[in-house]
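Overview (structure and organization)
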Amino acid sequence: MQITKDIRYIGVNDHEIDLFEGQYIVPEGMAYNSYVILDDQIAVMDTVDGKFVEQWLQNLQAALQGRTPDYLIVQHMEPDHSAGIAAFMREYPQAAVVANARAFTMLQNFYALPLEGCKKEVADGETLTLGRHTLQFVFAPLVHWPEVMFTYDAADKVLFSADAFGKFGALDTEDDEWDCEARRYYFGIVGKYGLQVQKALAKAAQLEIRTICPLHGPVLTGDLSHYLQQYSTWAAYQPETEGVMIAYATIYGHTREAAEKLAQKLTDRGCPKVVLADLARADWAECVEDAFRYSKLVLASVTYNGAVFPAMRAFIESLTERGYQSRTLALMENGSWAPTSARQMKAMFDNSKNITWLPTSLKINSALHPGDDAVLDAMAAELWP
Ligand code: FEO
């Protein structure tokens with residue numbers, strides 16, 4: 001695939017994967033992107049996952065058309081991008097490996113490769129001229145690991161953005177929608193590092209960019225403002241969509257019933273978007289994505305072993321460890337003899353910033369009772385006045 005006159009796509013699609021990074025379902029597979037810049041000198045941008053190194057080398061060989069690469073640029077050391085480094089070095093021993101100091105330390109820890117004579121360490125802002133193309137290295141620590149750097153090609157105005165702007169999904173599927181799987185990817189994998197993403201975006205804003213080449217998902221072209229705006233919103237922990245997510249953990253269905261009644265009341269009040277999620281059954285990463293997407297979140301949980309039901313506990317931990325903040329939250333608890341989950345759920349957000357708690361909460365004693373309806377009405381009115 002040709003990206004610009006001199007830049008080719010040489011990545012691979014993975015439809016064998018069960019869980020990306022050991023925990024994310026990827027029904028549409030996954031793409032590990034890699035690129036080659038063909039100039040007076042040739043640079044290869046990253047490698048691919050270990051299962052596809054042979055295929056990637058074939059893609060590279062086809063793109064080279066008999067030439068040999070001069071550089072392998074390592075922007076990110078996570079093995080879904082670095083697993084082919086050793087094979088590349090065996091195949092092209094004359095090429096230099098270009099990375100920053102942190103990446104070289106990780107490279108040794110992962111692969112213990114002999115780098116004498118082929119190691120080219122670069123600093124933030126340093127440039128590497130290939131001919132017509134001069135590459136500038138833009139460090140982007142913690143987007144997603146500390147060694148991550150972007151690479152900017154001023155000649156074609158291309159930003160190689162490492163994991164940033166990536167999404168779940170292989171590139172040979174019908175799925176051409178970006179937002180949903182890019183958002184699930186962002187909040188699952190990079191969401192904790194919003195401040196660092198903001199810093200990287202500020203650096204990128206100084207560059208004239210026409211094309212974004214991420215390490216996952218499609219190459220982004222055309223009007224890039226939508227992607228940049230989405231990243232800006234997500235990195236700032238701002239709600240993207242006005243609406244209410246109701247996340248519930250139920251055992252015999254009574255807590256679900258309360259959640260569904262509240263959802264109906266919100267819809268009746270004209271709330272534009274109401275999302276229900278059964279935390280024990282839904283994809284956890286999609287639930288996390290939705291919690292960050294919407295402006296308001298209702299947590300409804302049974303009390304279990306004197307604590308919050310496990311699926312709800314895991315959900316809240318997934319939010320707080322990712323820096324969840326600046327939202328309005330409401331609570332519903334259920335219990336047959338000692339309901340305490342509301343107090344415990346609330347305490348789990350003690351270290352979260354800018355959380356506004358709804359004045360009204362619902363305590364369910366085993367099942368819904370006639371008096372609970374008025375409480376749900378009050379909650380709906382407070383959530384969507
Ligand atoms: Fe796609 Fe952080 O690796």
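Reference entry: report on the structure contained in this document. Model, not experiment: these values are computed from the prediction.

With respect to the nonpolar core
Ranked by size, the top nonpolar core spans 101 residues in total, and within it Phe20, Leu297, Leu299 and Phe315 carry the most contacts. Filtering out sequence-adjacent residues up to four positions away, Phe315 remains in contact with Met245, Ala247, Leu279, Cys287, Val288, Ala291, Leu297 and Leu299.

Quick look at the layout of surface pockets
When its volume is computed, the largest pocket comes out at roughly 340 Å³. Around the largest pocket, the lining comprises 17 residues; the ones closest to its centre are Ile251, Thr303, Gly335, Ser336 and Trp337. Elements with a contribution of two residues or more to the lining of the largest pocket: helix 8 (254–268), strand 18 (294–304) and strand 20 (327–335). The greatest single-element share of the lining of the largest pocket, amounting to three residues, is contributed by strand 18. A class-by-class count of the residues in the lining of the largest pocket yields seven nonpolar, 10 polar and no charged.

Looking at the sheet that holds strand 11 (residues 127–129)
Either a parallel or an antiparallel arrangement is found when strands of a sheet pair, and the pairing is made through backbone hydrogen bonds. Across the sheet, which stays open at both edges, the five strands sit in the order 11-12-13-14-15 with mixed pairing between neighbours. Only two strands of the sheet have a single neighbouring strand rather than two, namely strand 11 and strand 15 (211–213). Pairwise comparison of adjacent strand axes, ignoring direction, gives a mean angle of 20 degrees for this sheet. Strand direction decides the pairing type here: strand 14 (residues 158–160) and strand 15, joined by three bridges, are parallel. When the bridges of strand 15 are listed, Val158 appears paired with Thr211.

Concerning the packing of aromatic side chains
Under the definition given, this model contains 26 aromatic pairs. A centroid spacing of 5.6 Å and a plane angle of 35 degrees characterise the contact between Tyr24 and Phe168, whose relative ring orientation is tilted. Of this pair, Tyr24 sits in strand 4 (residues 24–25) while Phe168 sits in the loop between strand 14 and helix 5 (179–190), and the two are 144 residues apart along the sequence. On the basis of an interplanar angle of 10 degrees and a centroid distance of 4.4 Å, the ring pair of Phe187 and Phe292 is categorised as stacked. Of this pair, Phe187 sits in helix 5 while Phe292 is found in helix 9 (residues 284–293), placing the two residues 105 residues apart along the sequence. Of the two residues, Phe187 and Phe292, neither departs from the other in class, the shared state being buried. Counting every residue linked through ring pairs, the aromatic cluster contains Phe165, Trp178, Tyr186, Phe187, Tyr227, Tyr231, Trp234, Phe292, Tyr324, Phe349 and Trp357. The residue whose ring lies beneath Lys119 is Phe104, and the NZ or CZ to ring-centre distance is 4.9 Å.

A few points about the pairing of strand 16 (residues 241–249)
For strand 16, a buried count of eight out of nine residues is recorded, marking the element as mostly surrounded by other parts of the structure. Relative to strand 17 (residues 274–278), strand 16 runs parallel, the two being bridged by five bridges. Bridging from a neighbouring strand, Ile246 pairs with Leu276 of strand 17. Handedness of the crossover joining strand 16 and strand 17 through helix 8: right-handed.

Observations concerning a nonpolar patch on the surface
Side chains of Ile251, Tyr252 and Tyr304 sit close together on the surface and give an oily, nonpolar patch of about 370 Å² of accessible area. With respect to the helices, strands and loops of the structure, Tyr252 is situated in the loop between strand 16 and helix 8.

Notes on the side chain of Gln325
Here Gln325 lies in the loop between helix 10 (310–320) and strand 20. Side-chain polar atoms of Gln325 contact the backbone oxygen of Gly323, separated by 2.9 Å. Residues contacting Gln325, with those up to four places away along its chain left out, are Tyr237, Lys353, Asn354 and Ile355.

Here's the deal with the side chain of Asp14
Take Asp14: it is sitting in strand 2 (residues 12–14). Within the structure, the side chain of Asp14 is placed 3.1 Å from the backbone nitrogen of Ile17, a separation counted as a polar contact. A distance of 2.7 Å separates the side chain of Asp14 from the side chain of Tyr32, its partner in a polar contact. In contact with Asp14, not counting residues within four places along its chain, are Gly29, Met30, Tyr32, Lys51 and Phe52.

Digging into the sheet that holds strand 1 (residues 7–9)
Taken together, six strands build an open sheet; the order of strands is 1-6-7-8-9-10 and the sheet is mixed. Among the strands making up the open sheet, the edge pair consists of strand 1 and strand 10 (119–121). For this sheet the average axis-to-axis angle between neighbouring strands, irrespective of direction, equals 25 degrees. Direction of pairing for strand 6 (residues 35–38) relative to strand 7 (residues 42–45): antiparallel, over a ladder of four bridges. Residue Ile37 lies in a different strand from strand 7, and its bridge partner there is Ala43. In the packing of helix 1 (residues 53–64) onto the sheet, the strands contacted are strand 1, strand 6 and strand 7, and the crossing angle to strand 6 comes to about 20 degrees. Along the sheet, helix 4 (residues 101–111) contacts strand 9 (96–99) and strand 10; its crossing angle with strand 9, the most-contacted strand, is approximately 120 degrees.

So, the pattern of salt bridges
Summed over all chains, the structure comprises 17 salt bridges. The partner of Lys5 in a salt bridge is Asp6, and the shortest N-O contact between them spans 3.3 Å. Asp6 gets classed as buried once you look at its relative accessible area, which sits at 9%. One salt-bridge network, held together by shared partners, links Lys5, Asp6, Arg132 and Asp156.

About the cut-offs
- Residues numbered from 1 in each chain as written.
- Predicted model: local features only at pLDDT ≥ 70, side-chain atom pairs only at ≥ 80, totals over all residues.
- Heavy atoms only, no water.
- Core = buried A, V, L, I, M, F, W, Y, C linked by side-chain atoms within 4.5 Å.
- Buried < 20%, exposed > 50% of the residue type's maximum accessible area, 1.4 Å probe, protein only.
- Contact = heavy atoms within 4.5 Å.
- 1 Å grid on protein atoms, 1.4 Å probe; cavity = no way out; pocket = protein on both sides within 12 Å on 5 of 7 lines; lining within 4 Å.
- Points joined across faces, edges and corners; volume = space filled by probe spheres on them.
- Helix = DSSP H or I, 4+ residues; strand = E, 2+ residues; numbered from the N terminus.
- Nonpolar A, V, L, I, M, F, W, Y, C, P; charged D, E, K, R; others polar.
- Pairing = 2+ DSSP bridges.
- Axes fitted to C-alpha atoms, helices over the stretch in contact; angles between N-to-C directions.
- Phe/Tyr/Trp six-rings, centres within 6.5 Å; stacked < 30°, edge-to-face > 60°.
- Lys NZ or Arg CZ within 6 Å of the ring centre and 35° of its normal.
- Right-handed = clockwise from strand over helix to strand, strands pointing away.
- Patch = residues over 30% accessible without salt bridge, like charges linked within 9 Å, V, L, I, M, F, W, Y side chains within 5 Å.
- Areas by Shrake-Rupley, 256 points an atom, 1.4 Å probe, with all protein chains shown as cover.
- Salt bridge = Lys/Arg side-chain N within 4 Å of Asp/Glu carboxyl O.
- Polar contact = N/O pair within 3.5 Å; in protein donor to acceptor, adjacent residues only side chain to side chain.

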